[in-house]
Amino acid sequence: QLQLVESGGGLVQPGGSLRLSCKAFGATVDDYTIGWFRQAPGKERELVACTRSDGGSSDFAGSLEGRATISRDNVKNTVYLQMNSLKPEDTAIYYCAASLIKLPHPYEYDYWGQGTQVTVSS
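Computed from a prediction, not measured in an experiment: that's the story for all the values here.

## Some thoughts on the pairing of strand β4 (residues 33-39)
Right, so step 1: Here β4 lies mainly inside the structure; six of its seven residues are buried.
Right, so step 2: Taken together, the five bridges between β4 and strand β5 (residues 46-51) define a ladder with antiparallel strand orientation. By the bridge assignment, Arg38 is partnered in β5 with Glu46.
Right, so step 3: Counting the residues in the hairpin turn of β4 and β5 gives six residues, including Gly42, whose phi is positive at 75°.

Dropping the structure here:
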């Protein structure tokens, strides 16, 4: 079975940057569409970006206002989320998820990691 492990979260000051990693085990990420989601306390989970097995990707500027970039390293079997100019409102648990659907809706991701906490605070 596919397992996803996130890392790279932590405490960062406003204006700082983080690169989150999502490493896959048990399968190859190039077989899946991989999405990054985040969920803040009391708020709904939202899709940040996704990268497809065909190399295509989508960024959703509504959440991080163009400050996040998703990328894929098939050799390392890892997907990354680079976040820059972080703001306190970016504080959330960030999850990666996988879908065998090429163009999945947010509810069509079947495999999820445990999440990594990102806290943006002075």
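## Quick notes on the pattern of salt bridges
A side chain with one charge may pair with a side chain of the opposite charge, provided their charged atoms come close.
Right, so step 1: Evaluation of the coordinates by the stated rule reveals three salt bridges.
Right, so step 2: Two residues, Arg38 and Asp90, come together in a salt bridge whose shortest N-O distance is 3.0 Å. One end of the pair, Arg38, is in strand β4; the other, Asp90, is in the loop between β8 (78-83) and β9 (92-99), and 52 residues separate them in sequence. Accessibility classification places Arg38 together with Asp90 in one group, the buried group.
Right, so step 3: A salt bridge links Arg67 to Asp90; its shortest N-O distance comes to 2.8 Å. With Arg67 in the loop between α1 (61-64) and β7 (68-73) and Asp90 in the loop between β8 and β9, this pair connects stretches of sequence that are 23 residues apart. Residue Arg67 shares its accessibility class with Asp90, and that shared class is buried.
Right, so step 4: Members of the salt-bridge network, linked through shared partners, are Arg38, Glu46, Arg67 and Asp90.

What counts and how
- Residues numbered from 1 in each chain as written.
- Predicted model: local features only at pLDDT ≥ 70, side-chain atom pairs only at ≥ 80, totals over all residues.
- Heavy atoms only, no water.
- Buried < 20%, exposed > 50% of the residue type's maximum accessible area, 1.4 Å probe, protein only.
- Helix = DSSP H or I, 4+ residues; strand = E, 2+ residues; numbered from the N terminus.
- Pairing = 2+ DSSP bridges.
- Salt bridge = Lys/Arg side-chain N within 4 Å of Asp/Glu carboxyl O.

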